[in-house]
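Close look at the chain arrangement
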Amino acid sequence: MMPTCPLCASTDHAPYHRDARRDYRRCRRCALVFVPAHQRLGPAEEKAVYDQHQNSPDDPGYRRFLSRLFEPLAAKLSPGARGLDFGAGPGPTLSVMFEEAGHPMAIYDAFYAPDAAALERSYDFITSTEVVEHLFAPGDELERLLGLLAPGGWLGLMTKRVPPGVEAFAGWHYILDPTHVCFFDEASFRWLAERWQLTVSFPAGDVVLLQKA
């Protein structure tokens, strides 16, 4: 059977690039570039890569990096808005920044904070930084997150967008990480916004804000 696009479930996709380790296919419907399922890492291998991350709220450089999402999203929130940081990783930091700004936060991470109860509440905003490129089924996961948002709520994502042209993609550092399996084009987010009737904006080259109706 033809595999489906992990974002939009279309079977209308084609080979885009191949390197020494993996194949990359591009969806003609939503423009997502993705790695076929049989070439993804297993859970233990995936976690071994994440365990090497050294992110911390005590790192000013990491805070500056996250501020590209924090600042434009925080400017849109009402005082005391409640948030979820999805995919917080081994050193949650963005949640700390929002709590310092007066926003109660929950965190969820499949490996480091697998609190299923956090995915059963309603939130005014949800953040997910450098996460969607790791998801095996981003369409399902994003649908679930949107279902947790209150009306008018915000979903803030950070992920680098596919550079224009196959040659640029082939030399892109982002594909070197073996845990990166889905690569979003700006058109991918515009498809998502149309599919779920969201407003979409791009305040930075690797940041997208989606607002629920």
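These numbers come from a predicted model, not from an experiment. (Residues numbered from 1 in each chain as written. Predicted model: local features only at pLDDT ≥ 70, side-chain atom pairs only at ≥ 80, totals over all residues. Heavy atoms only, no water.)

Below, the discussion takes up the sheet that holds strand β8 (residues 182-183). Read across the sheet, four strands follow the order β1-β2-β3-β8 without closing on themselves; strand pairing throughout is antiparallel. Looking at the sheet topology across the chains shown, the edges are occupied by β1 (13-18) and β8. Bridge count between β1 and strand β2 (residues 23-27): five bridges; the pairing is antiparallel. The residue of β2 that forms the bridge with His-17 is Tyr-24. (Pairing = 2+ DSSP bridges. Helix = DSSP H or I, 4+ residues; strand = E, 2+ residues; numbered from the N terminus.)

With mixed pairing, the six strands of this open sheet are ordered in space as β5-β4-β6-β7-β10-β9. At either end of the open sheet lies a strand with only one pairing partner, and these are β5 (105-108) and β9 (198-204). Direction aside, the axes of adjacent strands within the sheet are offset by 20° on average. In terms of strand pairing, β9 meets strand β10 (residues 207-212) through five bridges, oriented antiparallel. Bridge pairing links Ala-204 to Val-207 in β10. Lying on the sheet, helix α2 (residues 60-74) is in contact with β6 (123-129), β7 (149-158), β9 and β10; it crosses β7 at an angle near 155°. Each of β7, β9 and β10 touches helix α6 (residues 186-196); the most contacted strand, β9, lies at about 155° to it. (Axes fitted to C-alpha atoms, helices over the stretch in contact; angles between N-to-C directions. Contact = heavy atoms within 4.5 Å.)

Attention now goes to the nonpolar core. Counting residues in hydrophobic clusters, the biggest one holds 45 residues, and the most contacted among them are Leu-7, Leu-84, Ile-126, Leu-142, Leu-155, Phe-169 and Phe-183. Setting aside anything within four residues of it in sequence, one finds Phe-169 in contact with Tyr-16, His-17, Tyr-24, Val-33, Val-162, Pro-163, Ile-175 and Phe-183. Of all hydrophobic cores here, the second largest spans 17 residues; its members include Met-97, Phe-98, Trp-154 and Ala-204. (Core = buried A, V, L, I, M, F, W, Y, C linked by side-chain atoms within 4.5 Å. Buried < 20%, exposed > 50% of the residue type's maximum accessible area, 1.4 Å probe, protein only.)

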